[in-house]
Amino acid sequence: DQQVKQNSPSLSVQEGRISILNCDYTNSMFDYFLWYKKYPAEGPTFLISISSIKDKNEDGRFTVFLNKSAKHLSLHIVPSQPGDSAVYFCAAQLDFGNEKLTFGTGTRLTIIP
Amino acid sequence: DVKVTQSSRYLVKRTGEKVFLECVQDMDHENMFWYRQDPGLGLRLIYFSYDVKMKEKGDIPEGYSVSREKKERFSLILESASTNQTSMYLCASSLTSHSYEQYFGPGTRLTVT
């Protein structure tokens, strides 16, 4: 049972435009959400996170939005750059201090120059 | 910088062999994790450890065991490798106080023939 889902396996966006990656979850007990970025032949690296008490968190070109009632979060990248081409995973945690993360299936983002 | 290293980048083993995957972290992190990454399934947690000699099953522990004799080292063991264990294996570590952010190694691509 996939508790965290990323329904778009791939996404292509022109350089300079906005990239929007989506993630849905089914467990209403999740309390903390994260996005990871993965380049080929490397391990995932942490990108940005959001607590369930917030609906938005921004870090430079990256913004994560959380809609708890819809059990949906999204990652916005603006403007998109070629170096953003990677696989993006969303992940969820039951509560801060609970070590276990549940990951989504990933979305491959390709930025077209 | 946190560094998580994995003993091999690529490994080819035969069905029925015992396989050891080693992971070492250099930042004195309490928590360590083993995931496997498969296309369309994302990252799935196999086992994790929150202290030396402590371990907990993740979502897919069947066919695997782990060992953590020292804080910096976490080993994944395939007692009798099977072809359905062909996958990318990723090790990660985290500080208990920041357990939401996990640091990943580069991965081991294991092929079982």
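Described in the following lines is the structure provided in the data block. Just so it is clear, the structure is predicted and the values come from calculations on it, not from any experiment. (Residues numbered from 1 in each chain as written. Chains lettered and ligands numbered in written order. Predicted model: local features only at pLDDT ≥ 70, side-chain atom pairs only at ≥ 80, totals over all residues. Heavy atoms only, no water.)

1. Regarding the pattern of salt bridges
Residue and element names in this part refer to chain B. Under the definition given, this model contains nine salt bridges over all chains. For the salt bridge of R73 with E22, the shortest nitrogen-to-oxygen distance reads 3.9 Å. One end of the pair, R73, is in strand β8 (residues 73-78); the other, E22, is in strand β3 (residues 19-25), and 51 residues separate them in sequence. Take R73: its relative accessible area is 39%, and that puts it in the partly exposed class. Put simply, R36 and D38 hold a salt bridge, and the shortest N to O gap is 2.8 Å. Side by side, R36 and D38 carry an identical accessibility label, which is buried. Here the residues in one salt-bridge network are R36, D38 and R44, joined through shared partners. (Salt bridge = Lys/Arg side-chain N within 4 Å of Asp/Glu carboxyl O. Helix = DSSP H or I, 4+ residues; strand = E, 2+ residues; numbered from the N terminus. Buried < 20%, exposed > 50% of the residue type's maximum accessible area, 1.4 Å probe, protein only.)

2. Quick notes on the interface of chain B and chain A
Between chain B and chain A, the contact holds 23 residues from the first and 22 residues from the second. In total, chain B and chain A occlude about 1,800 Å² of area from one another, counting both sides; carbon and sulfur atoms represent 60% of this. Connecting chain B to chain A are one salt bridge. Close ionic contact of K100(A) with D59(B) constitutes a salt bridge, the shortest N to O distance being 3.0 Å. Between the two partners, chain B and chain A, sit four residue pairs in polar contact (both at pLDDT 80 or more). Here the side of chain B that touches chain A gets five residues from one element, more than from any other, and that element is strand β5 (residues 42-51) of chain B. Counted by class, the side of chain B that touches chain A contains 11 nonpolar, nine polar and three charged residues. (Contact = heavy atoms within 4.5 Å. Buried area = accessible area lost by both parts, 1.4 Å probe. Polar contact = N/O pair within 3.5 Å; in protein donor to acceptor, adjacent residues only side chain to side chain. Nonpolar A, V, L, I, M, F, W, Y, C, P; charged D, E, K, R; others polar.)

3. Focus on unusual backbone geometry
Residue and element names in this part refer to chain A. Here the amide bond leading from V78 into P79 is cis, since omega sits at -10°, within 30 degrees of zero. For P79, the location among the structural elements is in the loop between β8 (72-77) and β9 (86-93). A positive phi angle, near 65°, is found at A41, a position not held by glycine. Examined against the element boundaries, A41 turns out to sit in the loop between β4 (32-38) and β5 (45-51). Looking at A41, the relative accessible area reads 45%, which means it is partly exposed. With phi around 55°, K71 is a residue other than glycine that occupies positive phi space. Summarising the element assignment, K71 is placed in the loop between β7 (62-67) and β8.

4. Here's the deal with the sheet that holds β8(B)
All names here are of chain B. The four strands are arranged β1-β3-β8-β7 in an open sheet whose pairing can be described as antiparallel. The open sheet has two edge strands, β1 (4-6) and β7 (64-70), and neither has a second partner. Going across the sheet, the axis of each strand differs from the next one's by a mean of 20°, ignoring polarity. Alignment of β1 against β3, held across three bridges, turns out to be antiparallel. (Pairing = 2+ DSSP bridges. Axes fitted to C-alpha atoms, helices over the stretch in contact; angles between N-to-C directions.)

Everything listed here is a matter of coordinates, which is why it stays silent on function.
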